[in-house]
Structures are given as C-alpha cells and as structure tokens.
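Structural features, examined
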Amino acid sequence: MRTRKLLSLLLSCLLIASVMPIFGAGAREADPEIVLTWPCIWVGQDSKADMIEKIVNEFNEEHAGEIRVIIEPQPDYDGYEDTIRTRLAAGQAPDIFTFKLSPTTAAYYSGDLLMDFTDDLTQDGWGYTFNQGNINASTIDGETKSLPYEIGFTPIWYNTELFAKAGIDEFPRTMDEFWVAADKLKAIGVVPTSQMTGGTNSWTSMLWFTHLLGSFGGPEVWERAWDDPAYEQAAAILKRLYSDGNTTRDAIGADAGVSGGHYQAGRTAMFINGAWYIGNIRENSPEAYAATKLAPLPQAGDYYGHQVGWLHTNLGAANTDDPARREAVITFLKHLTDPENAKRVSLDAGSLLSIEFDLGPEDEIDPLQQQFIDAGNQAEFLIDHLEASMPVDVVYEFGQAIGAMVLEDRSPAEFVQMLEAVHD
Amino acid sequence: MKKLTKKTNRNLKWIIIFLIPVTVLLIAFFVYPIVYLAFLGFMEWDGISAMSFVGISNYTRTFGDSVFQTSIKNNLIWALSAAFLQIPLALVIALILAREPRGWRFLRTVYFLPNVISLVALAMLWRAMYNPEFGAVNFFLSQLGLEHMTRNWLGELDTALPAVIFSYQVYIGYFMVIILAGTMSIPKTFYEAAMIDGANILQQERYITLPAIRGIIVTAGTLAVAFALRQFETTFLMTAGGPANRTPVMGLYMYRRMAGLRYGQAAATGVLLILLGVVVLSGMQRIFGKSDAIEDAHQ
Amino acid sequence: MNRDTMTETSLPVQVLGKFLKWLVLSLYLVITIFPIVWLALSAFKTNFEIETAPFSFPAVWQFQNFVSAISVSGLHQYFLNSIIVAVFATLVNLLVTSLASFTIAREEFPFRKVFFTVTTAGVLIPIIAFMVPYYTLITRFNLYDSLLALIVTYSAINIPISMFLISSFMTSIPRELEDSAEIDGCSFFQRYAKIIMPLARPGLVTAGTFSFIYCWNEFIYALLLTSSRSARTVQLAIRFFTSQFRTDYAGMYAAIVLTMIPTVVVYVFLHDKIISGLTAGAVKG
C-alpha cells in the first residue's frame, strides 16, 4: 500500500516534469514581430496605471505585426527596485524599465547595459520636448542613457480650517511666525506638523529637511560639502519640529501611512507630499481635502519662495546590437514621451512630467492639482530632494540620524556628521 | 562498526541513487551561491561595472561599522531569546496539548494560524498595536491604570528591540508543531507503565517525555535560532533598523548593502552571518547536546 | 485513555495545576486569535479607518473591499498557479529530502558530513542574498517566467529545513525495526518505503506543512523569476495594493484574507487528519 502511494507520487512528479516545459518561456525567434517587455510599476492601483495601459495598447494597435510592447506588472516598489537591480547585476537589463536616478543608481550608466539616447535626442528635436534641466540631470559624462519622465513636486500642505480655528489668518511668512502659529495650534489641541522617520526614506521629514536646506543654502546647496552651515541650521530646525509637541508622539518610527493619516484625520495641521496624494485624500477625507492649501516653507534662512522639485523617475532601456530592435525601442519611447500622451498621463493621474505640454481651457483639472501647478509657476527656484541628491546609504541613515538627534539629544552638528560618515 | 561498513558497500548503489537528487539541487541552489558569495566577498562590485579584487577590505570595513557591530549584538539577542524564551514557551504549550485537554485540536489550529499570515500583515498589526497615538498596547495599559508605562514602543531606544523580537517570537506555531509531532510518537505504553509505578504528571514529563523528545527539541531549537539569525523582513517592516540604529540585524545590514550597490560588502556580510550562525549553533550543541539530525554525523 | 486521569497528586496541587494550564492556554489563545480577528475586521474597513483608528469596528461594513480585492488584482487567476507551485514544490521537496534523510540517518558513507555542513549553512543565510545567482541560474536554464522555475527554486530553498526535520524524526526511530526487516529479506528501497517512511510520517507532515506555507507566502522570488499572468502567484496579486506612493490597506487585507483560506484549509484538514490518524494508529498502541 505504501509502495503504491510512493509510486503514484513518483509518477505524478514525472508527469509534471513532462508537462512543465509548456509553461516555460517559449521560443520567440520565429516571430517577425519585435516583442519588448516592460517590467512596469505603474499597474494595479497606481494612478498612472490606466492611462499607461491605454497608451501602450494604442501603440500596439498602431504597430500591429511589427512591434509589441508587453507590460509585466511589477507591484510593490521595494520589490521592483530589488528586481531591476538584480537583473542588471545578472547582466540582463529589461527591454524597458524605470528607475530613480540618484548618485547610487548613476552606476547603471557605466558599462554598456543601457541604451544611449544621446544622438537620438538631437534628431527631430526630440530632446527639446523635455525639460532641459531634467535632460541635463539625466546626462552623465555627456551620455544620456535614460530619459527623464516624472517629476516630484512637494510644497507644504496646510489645513486652512484648523488654522482658522486657531486664529491664524495666513500661512506664516517667517520661521518666527511659524513658531507662533505652532503654539496657537497646540493651544486648540492640534499637533502642528506630521513627521516620520520610518519607511526606507523618512519621506515627510526628509522633505521638511530639504525645504529648510533650500532656505538656508539656496539653489546650489547640494553642490557644497557637508561643512556648509546650511546643513546644521536645517537640522536644528528639524530637531525643534520633533520637540515640544510640534509633531505627534509616534513620529519616531512612523511610516507614510501613519503620518499621512494624521493629516487626513485633522490631527495635524501641516504635512508635505506630492500631487500623487491628491486622489488618496480626496477619497478618504473630503474635509481635509477641501481645507488644504499649499504654501512655500516660511523663510528660515536667506532664501524664500523655493519649492522642492526633482526628477524622480527615469526611463531606461536595454542596449542592443540589433538595429531593428533599437529602432523599435526608440519608436515606443517617442510615443510614450510624446507631449500629447504626456499630457493625458499628467491630467489623468495628477502627475507632473518632465515633458512640456500646453494646457488648454478645455482641459479639466482638479482644484488641488491646479494649486500644485500654480505653486510650481510661482516658485523662486527648485531644489532637488535629498533622495535624488545623495547616495542610498545617506537616505537610509537620515531617519536614524533624526532618531539619534531627538532621542539621544545629539546636536544638529552630530546629525550632519552621522550623514557625512555614511557618504563616500 | 565492521558490520556497518559491510552493509554500506552492499548498499552503495542505492545510497548514490538516493542522494543524487538532493546533491544536484544543493549544488545548484546552495553550494554555487555560497561559493559565489565567498568569492564576491573579496571583490568590489556595484553590480554593473567590472569587479576588482580588494582583498579583505570588505570584511575590515564591515567590522569597523558600528551599525554592523550593533547588528551582531542584536542577532545574538534574537538567538538567545529564541533559545530561552521561544522554545520553552513552545515546549510548555506542546506538552499541555499533547495530553489532549478539552478542545486541544481547536487550540492547536488557532495557535498555529499566525504562522500562516504573511509577515507584511503581521508587521502592520504590530506596528498599529505599538503605536502610541492609537495603539492597543498603550490603551490596555491605561485601562489598567498603568498610564506611566505607556510609551512609543517602537520609537524609543530601550523598548524598540524587545518590541520587535516579541512581535515575531511570540508566535511559536512552527516549533509547537515540531515538538507536538515528536511527543505524539512516544508509545503510550511508556506512560501506562509509569502510572502504575505512581509517577505524577510532572514526573512523567520529566522522566519519559523530555528524554524521548530531547533530539526533537534540539532540532526545533536549532531551527528557531537559525530563523532568529537570518530574519530581516520583520525588522525591515517594523522599524527598518531604527530608532537611531538600535534594531538592525545582519540580514538587514546585508540587504542595505545590496540596495546601496555594494555587492562585495553584502556578500562579505552574508559569509559572516553564516560563520556567526555556525559558532552559535555549535555553542548550542555544547550546552544542549546534539539534535538527532546532527548527532550521527559527529560520532 | 486520557493520561490525566490516573495521577496521585493531592487535590490542591491538581487544582492549581489545572488553573495554570488553562491560564496559559487561554492567554495564548488571545495572543494568537487577535491577529486573525484584527485582519478579518480590517478587511471590512475603509483605508481612512485603518490608518486612523486601527482597533475600531468598521463604521460601515465595506463588503466591496473583497470585490475590489479580486477585480483590481485578478486574484482568482493566480490561485491555481499558487496551488500548483506549492503542491508540487512540496512534493518534490519531500521526495528528495526523505530519500536523502533516510540515507544520511541510516547509512555510513564518505562525505556524509558535507551534507550537514551545506544544509546548516543553507538554513542560516537570508535567502535574499542569492537573488543574483538564482536569477542567473533560472535564466540560463531557460526557465524564466515558468511555474517550473518557482517549483524548482522553492523545493530547493526548503531542502535545509526539511532535511533537519525529517532526518531528526528518522533518527529517533528504533533501529531494531529495520534490522529485523533486513533479516526478513527487505531490500534497501523496501526499508525506506515500507519501514521508515510510514514511521517518519510526523516529520514528513511537519516539513510538508512548513514547505507549503513558505511556497504560498513567498514573494520576492516570485516577483524576480516570473513576469506573466500564467506563471505568477497570489502573493504578487496582494502586492497590487502597494504602489509607489500609496498602499490600499483595505484592499490588501481583503486579498490577504482570501489568500489565507487555502493554507488554513490545508493545515486544518491535511495536517490534522494525518497527525490524528497517527495518534489513533499503531504507534501509540
């Protein structure tokens, strides 16, 4: 009886072993059609998912029989980054993919895994459809091996209803006014700011810090070394934001869900995030959504009126010796970055893109997104987010350094030293 | 011994046949990757450009990093807690359930269920539990009039590590199942004889059950310690190593180096993790004796 | 026969013992049942409720979370894949490791220790360290984006744990049973199939349960080694709710609840049946 069981087990294993090749990645050579796969993070509930799928489908219809782009759904951003990194390390770049260009991922440009777009961008004025600053940011040693696509833009959000309740008429213009406003908010039981050190990048607090850095150090602050006083000055204010009840009790260790949740629930009056958060807050908390206005950071140093705005998604492609395949990739990327398609993505998803397009009066736009556009137009200058300016090691250390500064009562100078120590 | 050798020769053909599948899979999925890690540990590599040989500098660099030193310390705390808190808890519960009290089947199932839930969901639950603004832990404490004990469990220097370890190791399902399966295989006649001799329950457990399942307990302990050493998902999801670098573990340190495109250093960390594990496990064997699985190999 | 019945301990000690026993059991019941209840309740809440009041009851029961769990992620399409992967990876794993464990636990041969060294190292390393070698391996053998890639990888990843468990149980089987069988003329294979395998069933079931749960919950290699719907598993569907800038907890929890059901069923029925069959069977007498 036992033997029979065992035999059936062995047999069934043999059976799958023989059936399995059906599931394997079949031969593709015979196909005249060029198939490009795109492991894509913009799937599922991502705000860009629907429009990207539509644009890809239109492209596939237009080029039926010649080129076909297949979206490989890649949910979970951390997992996606792990996957891209691994595939590149194994020497097999995906046909098309996206990544965050930072001093760490700039390593992707070395070697010849990535397709070089430098010459293509000069032809037919393709390069001029992009924001030139973003093109420059995507060019390393004269080579543009990825295309700028999506921009992050993150002004301060504040809840006008809570401000009015606390008797504050206008968003503070200076840091002194800011602290007065903070006290008034605390007096009515509202926590002034949402902060967080959790997640991989302490998102909201890192944005506060970058805003502060812009005010103390101006537009070129990232080009200066850690001993520039701006870093320490910004850290000192960050420390104060974490003390005296200026943020929630759970800020150390909080993740993006928690810090955003506090703002949506009206527990905190100020918060920082990008336009991608609009859909979320509109759906979850119509009151907070309706009460939200955007502002630049109160003046802390010499500079005022700037915003944090940076290139956060680049499009890359696998290098290939096959000219037809290369042509197919370029054709698709031209389609994707076509100003008309960029506009559709931007309006549909509330994202800001590196591709410049004109808005007509007929284009419907969310009021809060309109505020984003206005804030962008009014910005004196833009400063890159820390995440885009520093290696991954510094980005990780940032939340730890806040923890040390607040919990171990380290000085702002020591905070800067901690970041400098992991930066080489 | 002589008899054994003779037998072995006769069975050599069968031994080879029985070992081929496992050998092939182990070589492909463990030997090759570990050799690859050992090799990469001496290289500097960002995953893209050419590798360059850097000697032991990945190791010296790793050892010199205070975050790595904290990680070793934390890993040892994790391992100790697995051996001296998690396994005893699993043992007590398994021994109680093995005596088949009322509803034991139901209890056994429910006790195991948290191990079926994905780590992501469990981490979300415990992050919410520990949250000082709306968490359940502080709520219960203040209901009990222990207001002064409420805190930001995951965000304070001295509570974060114990809080993370607790949230993971309180679920003993795996080890309970192992020990229970071992206990259930003890012939019932042993107990009947003991009862006739007038042994009470504790004596029965002490003189019959424990000696009979000693090897199984050590196996469960070995796995618990190994899991405690290699885990990093829970730490990553709960605190990401914070606050102020108080909770990192070696697995997280390695993952971070991979994300920072320091593949050489990540590989060196992996090698060190294996070495630390071997040291800890052989230390355990010294104290508790060998598990049945390991026992024969060392005779 | 309940073992409790025939003890000669004095009454107060017995009462105290009973009290302690039920205290431990009920406290631990609370700790283990809490996550299940919490997860199930959260799956009926809105995101806003989950983020701001995680321990409240849902104000309005959001049944549509389950509808969106399926419609957003296409969850149902992945169930069959997950079942195929988990079942076959577990079977392959058990077959391979039981053959090996039997040999290692019962025979002497050269290089025997090497197997222990490799499995010990294998159980110690976070498996994520092997992303690059595994990806290279799977693409070299042209298995990328197939269920077979996951079956082979998962059955291999679980070898160290299964080896530990199964050989541990096999070693504890008295040798006399085999010796007498050998005198009766049992071959090597018959000893494995007829004597040891049935007796090692608790070890096999335990290892099989662990393997199944691992395969069911594994995420990062499923993401790395597959790309199309035809080869993906339910864990990827769950992650459809965590995009770059937001996580839809409500949808995710609903999806998690749905995906947990098969593992619970496997555990309750399979594990319970096999173990209790054993308890009632010959060994316990």
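Residues numbered from 1 in each chain as written. Chains lettered and ligands numbered in written order. Predicted model: local features only at pLDDT ≥ 70, side-chain atom pairs only at ≥ 80, totals over all residues.

**Describing the overall build of chain B**
- Assigned secondary structure in chain B consists of 14 helices and 2 strands.
- Dimensions of chain B along its principal axes, counting C-alpha atoms only, are 70 × 70 × 30 Å.
- Expressed as a percentage of the 299 residues in chain B, the buried residues total 53%.
- Partitioning the contacts of chain B with sequence separation of at least 6, the portion at a separation of at least 24 is 70%. (Helix = DSSP H or I, 4+ residues; strand = E, 2+ residues; numbered from the N terminus. Buried ≥ 20, exposed ≤ 12 C-beta atoms within 10 Å, placed from the backbone. Contact = placed C-beta atoms within 7 Å.)

**Quick word on the overall build of chain C**
- Of the regular secondary structure elements, chain C holds 14 helices and 0 strands.
- When the helices and strands of chain C are read in sequence order from the N terminus, they spell out α-α-α-α-α-α-α-α-α-α-α-α-α-α.
- On the principal axes, the C-alpha backbone points of chain C span a range of 70 × 70 × 30 Å.
- Sorting the 285 residues of chain C into buried and exposed places 56% on the buried side.
- Here the contacts in chain C between residues at least 6 apart in sequence split such that 77% fall between residues at least 24 apart.

**Let's talk about the nonpolar core**
- Judged by nonpolar contacts, the single largest core of 316 residues is most densely connected at Met176 and Ile179 of chain B.
- By residue number, the principal contributor to this core is helix 4 (residues 75–106) of chain C, which donates 15 residues.
- Filtering out sequence-adjacent residues up to four positions away, Met176 of chain B remains in contact with Ala90, Ile93, Ala94, Tyr111 and Phe112 of chain B. (Core = buried A, V, L, I, M, F, W, Y, C linked by C-beta atoms within 7 Å.)

**Let's talk about the interface of chain C and chain B**
- Between chain C and chain B, the residue contacts involve 81 residues of the former and 85 residues of the latter.
- Here the side of chain C that touches chain B is built from residues that sort into 52 nonpolar, 19 polar and 10 charged. (Nonpolar A, V, L, I, M, F, W, Y, C, P; charged D, E, K, R; others polar.)

**What to know about helix 11 (residues 201–217) of chain C**
- Relative to the 24 Å expected for 17 residues at 1.5 Å per residue, helix 11 of chain C spans 24 Å between its end C-alpha atoms, a close match to the ideal helical length.
- Of all 17 residues that make up helix 11 of chain C, 15 are buried, and the element is covered over most of its length. (Expected span 1.5 Å × (residues − 1).)

**Concerning the sheet that holds strand 10 (residues 292–295) of chain A**
All names here are of chain A.
- Overall, mixed pairing links the 4 strands, which are arranged 8-9-7-10 in an open sheet. Of all the strands in the sheet, the pair left with one neighbour each is strand 8 (191–193) and strand 10. Neighbour-to-neighbour, the strand axes of the sheet open up by a mean angle of 25°, direction not taken into account.
- In terms of strand pairing, strand 8 meets strand 9 (residues 268–272) through 2 bridges, oriented parallel. Across the sheet, Val191 pairs through a bridge with Thr268, a residue of strand 9. (Pairing = 2+ DSSP bridges. Axes fitted to C-alpha atoms, helices over the stretch in contact; angles between N-to-C directions.)

**Description of the packing of helix 4 of chain C against helix 8 (residues 159–171) of chain C**
Residue and element names in this part refer to chain C.
- The geometry of helix 4 relative to helix 8 is characterised by a closest axis approach of 8 Å and an angle of 45° between their N-to-C directions. Judged by the angle between their axes, helix 4 and helix 8 are oblique. Seen along the crossing, helix 4 lies across helix 8 with a hand that is right-handed. Contact residues: Asn93, Leu94, Val96, Thr97, Ser98, Ala100, Ser101, Phe102, Ile104 and Ala105 in helix 4; Ile159, Ser162, Met163, Ile166, Ser167, Met170 and Thr171 in helix 8.
- Grouping the constituent residues of the contact of helix 4 with helix 8 by class yields 10 nonpolar, 7 polar and no charged. (Parallel < 35°, antiparallel > 145°, perpendicular 65-115°, else oblique. Left-handed = near helix turned anticlockwise from the far one by under 90°.)

**Some details on helix 7 (residues 175–187) of chain A**
All names here are of chain A.
- The end-to-end C-alpha distance of helix 7 is 18 Å, a good match for the 18 Å that 13 residues give at a rise of 1.5 Å each.
- Of all the residues in helix 7, the buried ones are Phe178, Ala181, Ala182 and Leu185. Projection of helix 7 onto a plane perpendicular to its axis shows the buried side chains occupying an angular sector of 105°, all on one side. Exposed residues lying more than 90 degrees from the buried face of helix 7 are Asp176 and Ala187.
- Downstream of helix 7 by a residue or two, Gly189 has a phi angle that is positive, lying close to 85°. (Arc of directions from axis to C-beta.)

**Some details on the domain arrangement of chain C**
- Splitting chain C by domain gives domain 1 (3–42) and domain 2 (69–280).
- Taking only C-alpha atoms into account, the centre of domain 1 of chain C sits 32 Å from that of domain 2 of chain C. (Domains from an automatic or database assignment.)

**Section: the pairing of strand 11 (residues 307–317) of chain A**
Residues and elements named next belong to chain A.
- Among the 11 residues in strand 11, 11 count as buried, and that is most of the element.
- Direction of pairing for strand 3 (residues 96–99) relative to strand 11: antiparallel, over a ladder of 4 bridges. The residue bridging Phe97 from the neighbouring strand is Gly316, located in strand 11.
- Where strand 6 (residues 147–153) lies against strand 11, 6 bridges are found, and the strand directions are antiparallel. Bridged to Pro148 within strand 11 is Asn314.
- Bridge analysis of strand 11 against strand 13 (residues 382–383) gives 2 bridges, and the strand direction is parallel. Its bridge partner being in strand 13, Val308 is matched across the sheet by Ile383.

**Here's the deal with the interface of chain A and chain C**
- The partner chain C presents 45 residues to the 39 residues of chain A that form the contact.
- Broken down by secondary-structure element, the contributors of at least two residues to the side of chain A that touches chain C are helix 1 (2–19), strand 1 (34–40), helix 3 (77–89), helix 10 (256–264) and helix 11 (278–284) of chain A.
- Residue composition of the side of chain A that touches chain C, grouped by class: 17 nonpolar, 16 polar and 6 charged.

**What to know about unusual backbone geometry**
- For the bond running from Gly242 of chain B to Pro243 of chain B, omega is -10°, close enough to zero to count as cis.
- Mapped onto the secondary structure, Pro243 of chain B falls in the loop between helix 11 (233–238) and helix 12 (250–259).
- The backbone of Asp141 of chain A sits at a positive phi, close to 50°, despite the residue not being glycine.

**Quick look at the pairing of strand 9 of chain A**
Residue and element names in this part refer to chain A.
- With 5 of its 5 residues buried, strand 9 lies for the most part within the structure.
- Where strand 7 (residues 156–159) lies against strand 9, 3 bridges are found, and the strand directions are antiparallel. Bridge pairing in strand 9 places Trp157 opposite Phe271.

**Focus: the confidence of the model for chain C**
All names here are of chain C.
- Mean pLDDT over chain C works out to 85, with 92% of the residues at or above the 70 mark.
- Across chain C, helix 7 (residues 147–157) holds the top mean pLDDT of 96, while helix 14 (residues 249–280) sits lowest at 76.
- Scored below 50 in pLDDT, residues 1–7 shows 7 contacts in the model against residues more than four places distant or in partner chains.
- Here residues 279–285 scores under 50 on pLDDT; set against residues more than four positions off or in separate chains, the count is 10 contacts. (pLDDT = per-residue confidence, 0-100.)

**Some thoughts on the packing of helix 4 of chain C against helix 11 of chain C**
Residues and elements named next belong to chain C.
- At a closest axis distance of 9 Å, the pairing of helix 4 and helix 11 adopts a crossing angle of 145°. Seen from above, helix 4 lies across helix 11 with right-handed handedness. Residues Ser82, Val85, Ala86, Ala89, Thr90, Asn93, Leu94, Thr97 and Ser98 of helix 4 lie in contact with helix 11, whose contacting residues are Leu204, Ala207, Gly208, Ser211, Phe212, Cys215 and Trp216.
- The residue inventory of the contact of helix 4 with helix 11, partitioned by class, reads 9 nonpolar, 7 polar and no charged.

**Points about the environment of Val392 of chain A**
- Relative to the helices and strands, Val392 of chain A resides in helix 17 (residues 392–407).
- Apart from residues no more than four positions distant in its own chain, Val392 of chain A is found in contact with Ser102 and Thr104 of chain A together with Ala259 and Gly260 of chain B.

**Here's the deal with the environment of Arg173 of chain A**
Residue and element names in this part refer to chain A.
- Residue position: Arg173 is located in the loop between helix 6 (160–165) and helix 7.
- C-beta crowding within 10 Å serves as the criterion here: with 13 such atoms nearby, Arg173 is assigned to the partly exposed category.
- Between the alpha carbons of Arg173 and Gly65 there is a distance of 59 Å; along the sequence they are 108 residues apart.
- Not counting residues up to four positions away in its chain, the partners in contact with Arg173 are Pro298 and Gln299.

**Some thoughts on the confidence of the model for chain B**
All names here are of chain B.
- Residue-level pLDDT values for chain B average 89, and 94% of them are 70 or greater.
- Mean pLDDT values over the elements of chain B span from 49, in helix 14 (residues 292–295), up to 96, in helix 7 (residues 160–169).
- Confidence over residues 294–299 falls short of pLDDT 50; this stretch has 11 contacts with residues more than four positions distant or in other chains.

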